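# Descriptive analysis of the structure
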2 protein chains.
Amino acid sequence: MTCGSYLIDRLHQRGFRMTPQRMAILHTLRRAGGHLSATEVFERTRRAQPGLTEPTVYRTLEFLAENGYALAAHIGGGKLVYELTEENHHHLICKKCGKTISVEYTVLASVYEQLQLSTGYKLDSSHVTLFGLCPDCQT
Amino acid sequence: MTCGSYLIDRLHQRGFRMTPQRMAILHTLRRAGGHLSATEVFERTRRAQPGLTEPTVYRTLEFLAENGYALAAHIGGGKLVYELTEENHHHLICKKCGKTISVEYTVLASVYEQLQLSTGYKLDSSHVTLFGLCPDCQT
DNA sequence: TTCCTTATTGCAAGTAGTTGCAATAAGTAT
DNA sequence: ATACTTATTGCAACTACTTGCAATAAGGAA
């Protein structure tokens, strides 16, 4: 069994299909463990799936993020990165050295709740990225 | 006096220069009032500055955001938008209809403080965008 | 004013990401 | 097994954005 198998039933229940391309992209994300840009996903996955094209990668990543199977996060410079859904969390990125740390979702949970009450919006538990200077770069 | 004049001294103090291109781009942002994508800024500014090129627009917007003269925000679909710095605020965007509302900076201020204490990072008061469904689209 | 330094621009060529549409193939039903 | 529906893919052309480098011009000094 390859490592995207666990998703097959969940996809079918919602009328979606599992394909070799999706399986391979899930495999790449799983192996990477962390964040990967669309380009990185394309390059790594193509090794196992030589026929794979860029539009398919972009569409698959968007599909996975839209349906909750992966998280998308904006990190510096307008770039989007993806990772498999695990614990919800947020990121702090140092503008100078690029060092990234994760922050538990609970830190923002009360704000989310407050905002939902005051605005009526139902918010995604999305992957927020905050920028600043890490302790080492503040001098 | 054109409307970027107020920035001239602040730029000179830091070794930067004011140029007709920068002036025109500031004018465009000022007139728009709200968010504008790089492409929109390019198209609108070019009417007044026919020689203007795309790389200049992208670099100018990045420059303005980097130095605190403008704010950059990621809104849906990986797009970056810019606006002139005024009050710090955040955005809530409806994934379905695109309706956007602003949220005061103070809502997130306590979280920022808490994060700065627990992580040691010095955070930018950045422009965070949260996604969700607005009251009308929740049915 | 004129000269000088160098920040900023424009050009040109590059990379990244998107879109429409016809062809393919996943999964269901027969 | 076979046929059918339609989600998904690949292709090709397009738009968005970036980068290196030489030319230009802003702003300070002589």
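Remember, it's a predicted structure, so these values are computed and weren't measured experimentally. (Residues numbered from 1 in each chain as written. Chains lettered and ligands numbered in written order. Predicted model: local features only at pLDDT ≥ 70, side-chain atom pairs only at ≥ 80, totals over all residues. Heavy atoms only, no water.)

## A closer look at the protein's contact with DNA strand C
Within the structure, DNA strand C sits among 19 residues, and His12 and Tyr58 of chain A together with Gln21, Arg22 and Thr56 of chain B are positioned closest to it. Each atom of DNA strand C within 4 Å of the protein belongs either to a base or to sugar and phosphate, the latter forming 68%. In the model, a phosphate oxygen of DNA strand C is placed 2.9 Å from a nitrogen or oxygen of the Thr39 of chain A side chain. The side chain of Thr53 of chain B places a nitrogen or oxygen atom 3.3 Å from a phosphate oxygen of DNA strand C. Of all the elements in the fold, those that place two or more residues in the surface near DNA strand C are helix 4 (54–66) of chain A together with helix 2 (20–32) and helix 4 (54–66) of chain B. Top contributing element to the surface near DNA strand C by residue count: helix 4 of chain B, with four residues. Residues belonging to the surface near DNA strand C are distributed by class as follows: five nonpolar, nine polar and five charged. (Near = heavy atom within 4 Å. Polar contact = N/O pair within 3.5 Å; in protein donor to acceptor, adjacent residues only side chain to side chain. Helix = DSSP H or I, 4+ residues; strand = E, 2+ residues; numbered from the N terminus. Nonpolar A, V, L, I, M, F, W, Y, C, P; charged D, E, K, R; others polar.)

## What to know about the domain arrangement of chain A
All names here are of chain A. Taken domain by domain, chain A holds domain 1 (3–84) and domain 2 (89–132). With centres defined by C-alpha atoms, the gap from domain 1 to domain 2 works out at 23 Å. The interface is formed by eight residues belonging to domain 1 together with six residues belonging to domain 2. Summing both partners gives a buried area of about 520 Å² for domain 1 against domain 2, and 67% of it is carried by carbon and sulfur. Take the side of domain 1 that touches domain 2: its biggest share by element is five residues, from strand 2 (residues 70–75). Considered class by class, the residues forming the side of domain 1 that touches domain 2 number four nonpolar, three polar and one charged. (Domains from an automatic or database assignment. Contact = heavy atoms within 4.5 Å. Buried area = accessible area lost by both parts, 1.4 Å probe.)

## Describing the sheet that holds strand 4 (residues 89–94) of chain A
Pairing within the open sheet is mixed, and its four strands lie in the order 5(A)-4(A)-7(A)-6(B). Across the chains shown, the open sheet's two edge strands, defined by having one partner strand only, are strand 5 (100–104) of chain A together with strand 6 (122–123) of chain B. Bridge analysis of strand 4 of chain A against strand 7 (residues 129–133) of chain A gives four bridges, and the strand direction is parallel. Bridged to Cys94 of chain A within strand 7 of chain A is Gly132 of chain A. (Pairing = 2+ DSSP bridges.)

## What about the pairing of strand 4 of chain A?
All names here are of chain A. With six of six residues buried, strand 4 is to be regarded as a mostly interior element. Both faces of strand 4 are covered, namely the face carrying His89, His91 and Ile93 and the face carrying His90, Leu92 and Cys94. One ladder, built from five bridges, connects strand 4 with strand 5; its direction is antiparallel. Paired with Leu92 across the strands is Ile101, a residue of strand 5. (Buried < 20%, exposed > 50% of the residue type's maximum accessible area, 1.4 Å probe, protein only.)

## Quick notes on the protein's contact with DNA strand D
Surrounding DNA strand D, one finds 19 residues, the nearest of these being Arg17, Arg22 and Thr56 of chain A together with His12 and Tyr58 of chain B. Near the protein, meaning within 4 Å, the atoms of DNA strand D are sugar or phosphate in a fraction of 68%, with bases accounting for the rest. Arg17 of chain A has a polar backbone atom sitting 2.8 Å from a phosphate oxygen of DNA strand D. Note that a phosphate oxygen of DNA strand D is positioned 2.7 Å from one of the side-chain N or O atoms of Thr56 of chain A. It is helix 4 of chain A that provides the largest number of residues to the surface near DNA strand D, a total of four residues. Across the surface near DNA strand D, the residue classes break down as five nonpolar, nine polar and five charged.

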